[in-house]
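Spelled out from the first residue to the last, the chains are:
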Amino acid sequence: ARHFRRSAGDNSVAGATALLAAAMMKLWAGLPDAARGDLEALDALHLHMPGLVAGRDAMLAGLAAADGQRSAAVAGFVSAHRRLVDLPLPEDAARVALTAGILLGTGDPEVAAMVRAARGFYQQLRAAALLPVCDRLLATDAVRPSGDDAASPFTGHADQAGRPMA
């Protein structure tokens, strides 16, 4: 995430994309306050391209999830995902789906459908590293717990703070 944040130093689409990537990784790691800082930096760039706006809205949904606002988080992720699919930005849509699944679990049918779509996308790309992540998320078919009981979809294990372990 630090790499993405450092590369966001300019007022460009690449910088904005790097800030979104950094915010996403920080949300995955259970660091919502750090993700908020990345989104504030993104807002300061004043770029309003549809893909960036949808990505930003997805990260705001991630912050809602971190704040315990589950229904707002699901609605935000679903809306952002649909816009990214319609643009079409399938890679971005797949990342949003993974983020929703990681933060919320797949107990909600709409989140599960997004993760299944992401799995299909990654299967087409032969992205072997991400298929097991999707499979773990889909296998749980439950709301993601937080804290010490939260297992990482990357390894199936969590550290003591519930953060994903590589």
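Residues numbered from 1 in each chain as written. Predicted model: local features only at pLDDT ≥ 70, side-chain atom pairs only at ≥ 80, totals over all residues. Heavy atoms only, no water.

**Student:** Give me the overall build of the protein: which residues, what numbers.
**Tutor:** Helices and strands together make up the secondary structure of the protein, namely eight helices and zero strands. Counting from the amino terminus, the protein carries its helices and strands in the arrangement α-α-α-α-α-α-α-α. Within the protein, buried positions represent 41% of all 166 residues. Partitioning the contacts of the protein with sequence separation of at least 6, the portion at a separation of at least 24 is 49%. With the model as given, the accessible surface of the protein reaches about 8400 Å², and the carbon-plus-sulfur share is 56%. (Helix = DSSP H or I, 4+ residues; strand = E, 2+ residues; numbered from the N terminus. Buried < 20%, exposed > 50% of the residue type's maximum accessible area, 1.4 Å probe, protein only. Contact = heavy atoms within 4.5 Å. Areas by Shrake-Rupley, 256 points an atom, 1.4 Å probe, with all protein chains shown as cover.)

**Student:** Residues and numbers for the confidence of the model for the protein, please.
**Tutor:** Mean pLDDT over the protein: 86, with 78% of residues reaching 70 or higher. The lowest-confidence element of the protein is helix 1 (residues 2–6), averaging 54 in pLDDT; the highest-confidence one is helix 5 (residues 70–86), averaging 98. Counted against residues more than four places away or in other chains, residues 146–151, with its pLDDT under 50, gives 12 contacts. In this model, residues 157–166 is a region of pLDDT below 50 whose contacts with residues beyond four sequence positions or in other chains number 25 contacts. (pLDDT = per-residue confidence, 0-100.)

**Student:** Hey, could you go over the nonpolar core for me, with residue numbers and the actual values?
**Tutor:** Within the largest apolar cluster, 44 residues are counted, with the highest numbers of intra-cluster contacts made by Met 59, Phe 77 and Tyr 122. Looking at this core, the elements that each hand over two or more residues are helix 2 (13–28), helix 3 (32–44), helix 4 (50–66), helix 5, helix 6 (90–104), helix 7 (109–125) and helix 8 (131–140). In contact with Phe 77, other than residues within four places in its own chain, are Ala 58, Ala 61, Gly 62, Val 96, Thr 99, Ala 100, Leu 103, Leu 104 and Met 114. (Core = buried A, V, L, I, M, F, W, Y, C linked by side-chain atoms within 4.5 Å.)

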